[in-house]
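Structure assessment
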Amino acid sequence: MPYNRVDVAMRELLSAFSCLEGAELLGRLARTAAAVASAPYAGFVRVDALRQEACPVHVHAPPGDPLRLRRWLAESGVLKELAAAPEAVRLAPDVSMGEPGFLAMPVPVAARDHTFLWVAGRGFCDGDEHLLGRFATAAGRALEAASGCEAAVRLLRGVRAFRPVPP
């Protein structure tokens, strides 16, 4: 088979753009948010456009989920609070009530429903809120970039599939 520069160039371009997987990126961002905030838990919650329902998109938790945070997310009412919240949500820890301590920041992502990045498992202060806000902005940019790369891959595959065959 003769060397075809177009095929090689397209394969290389597709490979470069395909390196970001949305789900993998969410996982990496959540793990890093937990590390940045010195918290054992982190994740993302997506809120529908009407701001009526919120659902966890990704949860990073230590093995065994010692604070039973997944259950707390579902039962505590924090998801309803996030659905209605236009800005940061901070809840103080209260061991007697099973409250783990929670901080959520909106992620500025134009191409998606409302998204929050959250960390949990300790008490949080204004400095934590500022730091997580900056991280949420960076996460939003990364998610938009990944979405743009996924769209570019789809378009490039179309170009590759419908490219005229040389005579």
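Structure: see above.
Values in this document were obtained by computation on a predicted structure and should not be read as measured data.

Rules behind the numbers
Residues numbered from 1 in each chain as written. Predicted model: local features only at pLDDT ≥ 70, side-chain atom pairs only at ≥ 80, totals over all residues. Heavy atoms only, no water. Helix = DSSP H or I, 4+ residues; strand = E, 2+ residues; numbered from the N terminus. Rg over C-alpha atoms; globule rule 2.2 N^0.38 Å. Buried < 20%, exposed > 50% of the residue type's maximum accessible area, 1.4 Å probe, protein only. Areas by Shrake-Rupley, 256 points an atom, 1.4 Å probe, with all protein chains shown as cover. Lys, Arg positive; Asp, Glu negative; His and termini not counted. Charge placed at Lys NZ, Arg CZ, Asp CG, Glu CD. Contact = heavy atoms within 4.5 Å. Pairing = 2+ DSSP bridges. Core = buried A, V, L, I, M, F, W, Y, C linked by side-chain atoms within 4.5 Å. Axes fitted to C-alpha atoms, helices over the stretch in contact; angles between N-to-C directions.

1. Observations concerning the overall build of the chain
Each helix and strand in the chain was counted, giving five helices and five strands. Walking the chain from its N terminus toward its C terminus, one meets helices and strands in the order α-α-β-β-α-α-β-β-β-α. A compact globule built from 167 residues should have a C-alpha radius of gyration of about 15 Å, whereas the chain, at 20 Å, is more than 25% larger. Counting only C-alpha atoms and orienting by the principal axes, one finds that the chain spans roughly 75 × 35 × 30 Å. Split into buried and exposed, the 167 residues of the chain put 34% on the buried side. A total of about 9,900 Å² of accessible surface is found on the chain, and carbon and sulfur atoms cover 58% of it. Charge separation in the chain, taken as the distance between the mean sites of 19 positive and 18 negative side-chain charges, equals 9 Å.

2. A look at the side chain of D128
Looking at the element boundaries, D128 is found in helix α5 (residues 126–161). Discounting residues that sit within four places of it in the chain, D128 has contacts with L103, R122 and G123.

3. So, the pairing of strand β1 (residues 41–47)
Where burial is concerned, most of β1 is hidden: six out of the seven residues are buried. The turn joining β1 and strand β2 (residues 54–60), which pair antiparallel and follow one another in sequence, is formed by six residues; a positive phi near 60 degrees is taken by R51.

4. A look at the nonpolar core
Counting residues in hydrophobic clusters, the biggest one holds 23 residues, and the most contacted among them are L29, A33, F44, L117, V119, L132 and L143. Those elements that provide at least two residues to this core are α2 (22–36), β1, β4 (102–107), β5 (114–120) and α5. When near neighbours in sequence (up to four residues on either side) are disregarded, L117 contacts A33, G43, F44, L103, A104, M105, V107, L132, F135 and A136.

5. So, unusual backbone geometry
The phi angle at D65 is positive, at roughly 45 degrees, despite the residue not being glycine. Looking at where D65 falls in the secondary structure, it is placed in the loop between β2 and α3 (69–75). One non-glycine residue, R68, lies in the positive phi region at around 50 degrees. Within the secondary structure, R68 sits in the loop between β2 and α3.

6. Some thoughts on the sheet that holds β2
Strands sit in the order β2-β1-β5-β4-β3 across an open sheet of five strands; the sheet is antiparallel. Each end of this open sheet is capped by a strand with a single partner; those strands are β2 and β3 (89–91). Ignoring which end each strand starts from, the neighbouring axes of this sheet average 20 degrees apart. Here β4 pairs with β5 via six bridges, running antiparallel. Looking at β5, one finds that M105 is bridged to L117.

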